[in-house]
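Okay, here's what each chain looks like letter by letter:
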Amino acid sequence: MINFMRFIPDLIGIKFSLFLILLFPSNIFGEEKNAKNFSNSSAVMSSALFEKYSLLKFLNHSDWIHNKKNYYNQISKTIALDEKIGDSEKEKIILKRFRTQWQRFSYDAMEKLNNDVFNGWNDSSINKDLSIREIHSTSEKNVKFSVFQYDEKSPLKFLIYLIHRNDIMIEDLDLVVLNVLESTGWSEFTSTYAKVFPKAFDPKIDINLHDPESFDSNRRMFENQDWGMAYFSPRGIGALDSIEGSPINGKYLKKLKLSGQSLEEMQVFDVIRSVNAIRLLEGMKEVPLWIQSHDNMSANVLYASLYMNNIKRLDLHNLPESHAKGPKYIGMSNFIDVPHCLALAVQKTRVILYQQSSDYPPFAKNVIDVMNFKEKSLSVREALKFD
């Protein structure tokens, strides 16, 4: 059975969350645990920027928060502070230098991403000629299923699926969760809904691969919650696995590479455009929007979040610890890595990670500590049972 909870974010603090606690076994949601020490682990990729901002290297240590005094002593020797300076004054000076370096690091990192990594598109193209319209809508068993298309002039058919209870308007939803799908997610999505709403999907989809229990679970959720669930597959996945009937294959990927781009970079662009398109829907301007994704696609969502505003939260499952294990972006080299992007992202959006053992390189958490960001900017939890 496909578990619909794969598509539902953590619900703590959300109205009616007791419904899910009663409906599902305890411990279905992950709990935070102590992280392992990544300080000398290959999981922490070196950043070329760290050669310029050497203090930031200290933030790779998982014991930073609990052992700051010792690190302050090391740093004071590194930057040649007067030994007569008291601990309190020493901390003020070091934190000021940390914050200056982080601000400069953030600026340089975004410059690198804009000029060398995501240079196939820019801020002006993110919203260029963007429009969206409904191409299908139907209801069954009090569930409304709508399909929207944006960028209709593109050879790619960009579709966004929006599902909610039939008797509620979009503007009255408590939140919308956008699920950015990878291949497994697309298969689970279609097996849940394609047989119930066959006209909403491509005829090539086998509607007999249906999971009725998954649909019934979703239906009960919509009955009890004023939520909307949206689904989007970037190019190369699901509804966007072909261009004008031809599969996205080696020929298309080679063409992208010759133009200095990768499929993953364009998937980042697709995520940004999809979010901006959703915001154009009537009634969606003020509805809280969460984004959820899994595996390599979660890294694409993380980078996309740097270019989006008004995102309430990211729920990222099995986020790669490094580009060595995750998506490949041309021009990235070892300039920054996924943990550094995570630290950039938490400045704008709350992020919840679900990892197999509730571990993740500590760089972002330590940046939050040094920069005095909100404590709940980042949580790392054990992956849900079905991840």
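Residues numbered from 1 in each chain as written. Predicted model: local features only at pLDDT ≥ 70, side-chain atom pairs only at ≥ 80, totals over all residues. Heavy atoms only, no water.

Quick notes on the overall build of the protein chain
Step number 1: Regarding its fold elements, the protein chain presents eleven helices and eleven strands.
Step number 2: Split into buried and exposed, the 387 residues of the protein chain put 56% on the buried side.
Step number 3: Residue pairs in contact within the protein chain that sit at least 24 positions apart in sequence constitute 70% of those at least 6 positions apart.
Step number 4: Carbon and sulfur atoms provide 48% of the accessible area of the protein chain, an area that totals close to 18100 Å². (Helix = DSSP H or I, 4+ residues; strand = E, 2+ residues; numbered from the N terminus. Buried < 20%, exposed > 50% of the residue type's maximum accessible area, 1.4 Å probe, protein only. Contact = heavy atoms within 4.5 Å. Areas by Shrake-Rupley, 256 points an atom, 1.4 Å probe, with all protein chains shown as cover.)

Considering the nonpolar core
Step number 1: In this structure, Phe 98, Phe 145, Phe 189, Tyr 193, Tyr 303 and Ile 336 are the most contacted members of the largest nonpolar core, which totals 119 residues.
Step number 2: Looking at which element gives the most residues to this core, the answer is helix H8 (residues 263–278), with nine residues.
Step number 3: Ignoring sequence-local partners within four residues, the contact set of Tyr 193 consists of Phe 145, Ile 163, Phe 201, Phe 215, Asn 218, Phe 222 and Tyr 231. (Core = buried A, V, L, I, M, F, W, Y, C linked by side-chain atoms within 4.5 Å.)

Structural notes on the packing of H8 against helix H9 (residues 295–305)
Step number 1: Between H8 and H9, whose axes approach to 9 Å, the crossing angle comes to 60 degrees. It follows from the interaxial angle that H8 and H9 lie oblique. Every pair of crossing elements has a handedness; the one defined by H8 and H9 is right-handed. Between H8 and H9, the residues in contact are Glu 264, Gln 267, Val 268, Val 271 and Ile 272 and Met 297, Asn 300, Val 301, Tyr 303 and Ala 304, respectively. (Axes fitted to C-alpha atoms, helices over the stretch in contact; angles between N-to-C directions. Parallel < 35°, antiparallel > 145°, perpendicular 65-115°, else oblique. Left-handed = near helix turned anticlockwise from the far one by under 90°.)

Side note on the confidence of the model for the protein chain
Step number 1: For the protein chain, the average pLDDT comes to 86, and 86% of its residues sit at 70 or higher.
Step number 2: Throughout residues 1–5 the model reports pLDDT below 50, and contacts reaching past four residues in sequence, or to other chains, amount to 20 contacts.
Step number 3: Per-residue pLDDT stays below 50 along residues 11–44; that stretch engages in 66 contacts with residues further than four places along the chain or on separate chains. (pLDDT = per-residue confidence, 0-100.)

What to know about the pattern of salt bridges
Step number 1: Under the defined criterion, the tally for this structure stands at 14 salt bridges.
Step number 2: Here Glu 152 and Arg 133 are joined by a salt bridge, their closest N and O atoms 2.7 Å apart. Of this pair, Glu 152 sits in the loop between strand E2 (143–150) and strand E3 (158–165) while Arg 133 sits in strand E1 (residues 132–140), and the two are 19 residues apart along the sequence.
Step number 3: Exposure remark for Arg 133: the relative accessible area of 42% places this residue in the partly exposed category.
Step number 4: With a closest N to O distance of 3.8 Å, Arg 219 and Asp 216 form a salt bridge. (Salt bridge = Lys/Arg side-chain N within 4 Å of Asp/Glu carboxyl O.)

Description of the packing of aromatic side chains
Any two aromatic rings considered together are summarised by their centre-to-centre distance and by the angle between their planes.
Step number 1: Considering all chains together, one arrives at 32 aromatic pairs under this definition.
Step number 2: With a centroid separation of 5.3 Å and 20 degrees between ring planes, the pair formed by Trp 102 and Phe 105 is classed as stacked. Taken as a pair, Trp 102 and Phe 105 lie in helix H3 (residues 87–117) at a separation of three residues, close to a single helical turn. Both residues of the pair, Trp 102 and Phe 105, belong to the buried class.
Step number 3: Arranged with centres 6.0 Å apart and planes meeting at 85 degrees, the rings of Phe 118 and Tyr 307 form a pair that is edge-to-face. Taken together, the positions of Phe 118 in the loop between H3 and helix H4 (123–126) and Tyr 307 in the loop between H9 and strand E9 (313–317) put the pair 189 residues apart, joining distant regions of the chain. (Phe/Tyr/Trp six-rings, centres within 6.5 Å; stacked < 30°, edge-to-face > 60°.)

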